[in-house]
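Geometric and topological summary
Here is what each chain is made of, one letter per residue.
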Amino acid sequence: MDLDIGEVVARSGVPASTLRYYEDRKLIASTGRRGQRRLFAPAVLDQLALIALGRAAGFSLHDIAGMFAPDGRPDIDRAMLTTRADELDHTIAQLTAMRESLRHAAACPAPSHMQCPTFRAMLADILTAGRPGPPKKVPSRP
């Protein structure tokens, strides 16, 4: 049995305006109307979950539209998923390095950050790489 737009909103948490936008962009399709209310097949809930997953993973709506066959079933390019997963791994590594740099700077025992060899190495890395990297192990001084 088809769901009206209000039921889809209630079950998915996706606002009606977004459902209409997704329909305009051909990401989902209504099956008809009951009065003034759009109707959707129950499978739209799975489509909306996949759209949300794709958005969270950083795919554009254009990319996500290409992940559905004309009949609305998922038709996902596995190579594209692998590429995006690799990009996420890179982003995670960058964010992890940034977090560790910030933790070091926050807990650094040196009287001034500029007196800390590890902090200075991080600054040098920023200049050469354009972004913070993980703190390098600097030999401690006796």
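Structure's up top.
An account of the accompanying structure is given in this report.

**Things to note about the overall build of the protein**
Of the regular secondary structure elements, the protein holds six helices and three strands. Reading the protein from its N end, one meets helices and strands in the order β-α-α-β-β-α-α-α-α. Whereas a compact globule of 142 residues would reach a radius of gyration of roughly 14 Å, the protein reaches 24 Å, over 25% beyond that. Over its C-alpha atoms, taken along the principal directions, the protein stretches across nearly 80 × 30 × 20 Å.

**Side note on the environment of A106**
Considering the arrangement of structural elements, one finds A106 in helix α5 (residues 78-107). A106 sits 65 residues away from A41 along the chain, and the two C-alpha atoms are 53 Å apart.

**With respect to the packing of helix α1 (residues 5-12) against helix α2 (residues 16-24)**
The contact between α1 and α2 brings their axes to 9 Å, and the two run at 110 degrees. One finds that α1 runs roughly perpendicular with respect to α2. Between α1 and α2, the contacting residues are I5, V8 and V9 on the first element and A16, L19 and R20 on the second. Grouping the constituent residues of the contact of α1 with α2 by class yields five nonpolar, no polar and one charged.

**Notes on the packing of aromatic side chains**
Applying the stated rule across the entire model yields one aromatic pair. Aromatic side chains Y21 and Y22 sit 6.5 Å apart centroid to centroid with 45 degrees between the ring planes, which places their arrangement in the tilted category. We classify Y21 as partly exposed; its relative accessible area is 40%. A relative accessible area of 12% means that Y22 is categorised as buried.

Rules used in this analysis
Residues numbered from 1 in each chain as written. Predicted model: local features only at pLDDT ≥ 70, side-chain atom pairs only at ≥ 80, totals over all residues. Heavy atoms only, no water. Helix = DSSP H or I, 4+ residues; strand = E, 2+ residues; numbered from the N terminus. Rg over C-alpha atoms; globule rule 2.2 N^0.38 Å. Axes fitted to C-alpha atoms, helices over the stretch in contact; angles between N-to-C directions. Parallel < 35°, antiparallel > 145°, perpendicular 65-115°, else oblique. Contact = heavy atoms within 4.5 Å. Nonpolar A, V, L, I, M, F, W, Y, C, P; charged D, E, K, R; others polar. Phe/Tyr/Trp six-rings, centres within 6.5 Å; stacked < 30°, edge-to-face > 60°. Buried < 20%, exposed > 50% of the residue type's maximum accessible area, 1.4 Å probe, protein only.

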